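Letter by letter, the chains look like this.
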Amino acid sequence: MTDIFSDVEPMVFKSRINVPYAWWTGETAERFFLALRDDKKIMGTRCPVCEKVFVPPRKVCPLCFHEKMAWVEVSSEGVLESFTIVKRQLAALTRKAPVIFGLIKLDGADTSILHYIENPGHEDIKIGTRVAAKFNEERSGSMQDIACFRPIS
Ligand SMILES: [Zn+2]
């Protein structure tokens, strides 16, 4: 059997693709995004069986599969549970590097959300830092209605 590629030099072609997409959010995400946009409130759902509060909200409890979740408002403040500093300007970044991404566990929630952390100097950021949501003046119904979370302690 002849290898048709035996005389071909292996090459790598580097490029980027742009994949615009849209999808229907569904009623659970829609209610979450409308609360951000219209009321600057962060909503979650609480499972009445295991009592866990999920933010972003879940229609069905991912732990016990209970289907009748209750809506609850959680605080716009919480604790930074983890973070990373992105120094390279990656294609997926919507902001100029360096940026800090953090996992924030809001007061009243049992899960964490991922968002930008505001800190121009970033030397005083540490796990356990208290942070608060900074909402944009103009909001459109997305996670970007929260500009970032800023340290408050
Ligand atoms: Zn549950």
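Right above here is the structure, for reference.
Residues numbered from 1 in each chain as written. Predicted model: local features only at pLDDT ≥ 70, side-chain atom pairs only at ≥ 80, totals over all residues.

Here we take up the overall build of the protein chain. Scanning the protein chain for helices and strands turns up one helix and eight strands. Mapped from its N terminus to its C terminus, the protein chain presents α and β elements in the order α-β-β-β-β-β-β-β-β. Taken over the C-alpha trace, the protein chain has a radius of gyration of 20 Å; the compact-globule value for 153 residues is 15 Å, which it surpasses by more than 25%. When the backbone C-alpha atoms are referred to their principal axes, the protein chain occupies close to 65 × 40 × 30 Å. Buried positions account for 20% of the 153 residues belonging to the protein chain. (Helix = DSSP H or I, 4+ residues; strand = E, 2+ residues; numbered from the N terminus. Rg over C-alpha atoms; globule rule 2.2 N^0.38 Å. Buried ≥ 20, exposed ≤ 12 C-beta atoms within 10 Å, placed from the backbone.)

Below, the discussion takes up the sheet that holds strand S3 (residues 70-74). Taken in spatial order, the three strands make up an open sheet running S2-S1-S3, and their pairing is antiparallel. Each edge of the open sheet carries a strand with a single partner, namely strand S2 (53-54) and S3. (Pairing = 2+ DSSP bridges.)

When you line up the elements, isoleucine 42 lands in strand S1 (residues 42-46). On a C-alpha basis, the gap between isoleucine 42 and aspartate 110 in space is 14 Å, while along the polypeptide they are 68 residues apart. Among all residues touching isoleucine 42, those that are not within four sequence positions of it are Leu36, Val55, Glu73, Val74, Ser76, Leu106 and Ala133. (Contact = placed C-beta atoms within 7 Å.)

Moving on, we come to the environment of aspartate 145. Examined against the element boundaries, aspartate 145 turns out to sit in the loop between strand S7 (130-135) and strand S8 (146-151). Considered as a pair, aspartate 145 and valine 99 are 46 residues apart in the sequence and their alpha carbons are 17 Å apart. Discounting residues that sit within four places of it in the chain, aspartate 145 has contacts with Leu36, Arg37, Phe135, Asn136, Arg139 and Ser140.

What follows deals with the nonpolar core. As a rule of thumb, soluble globular proteins bury nonpolar side chains together. The biggest cluster of nonpolar side chains holds 19 residues, and the ones touching the most others in it are Ile42, Val55, Ile104, Leu106, Ile117 and Phe149. Of all the elements in the fold, those that place two or more residues in this core are helix H1 (26-39), strand S5 (99-106), strand S6 (113-117), S7 and S8. (Core = buried A, V, L, I, M, F, W, Y, C linked by C-beta atoms within 7 Å.)

With that settled, consider H1. Compared with an ideal rise of 1.5 Å per residue, which puts 14 residues at 20 Å, H1 spans 19 Å between its outermost C-alpha atoms and is within 8% of the ideal. After H1 finishes, the residue lysine 40 shows a positive phi value of roughly 50 degrees. (Expected span 1.5 Å × (residues − 1).)

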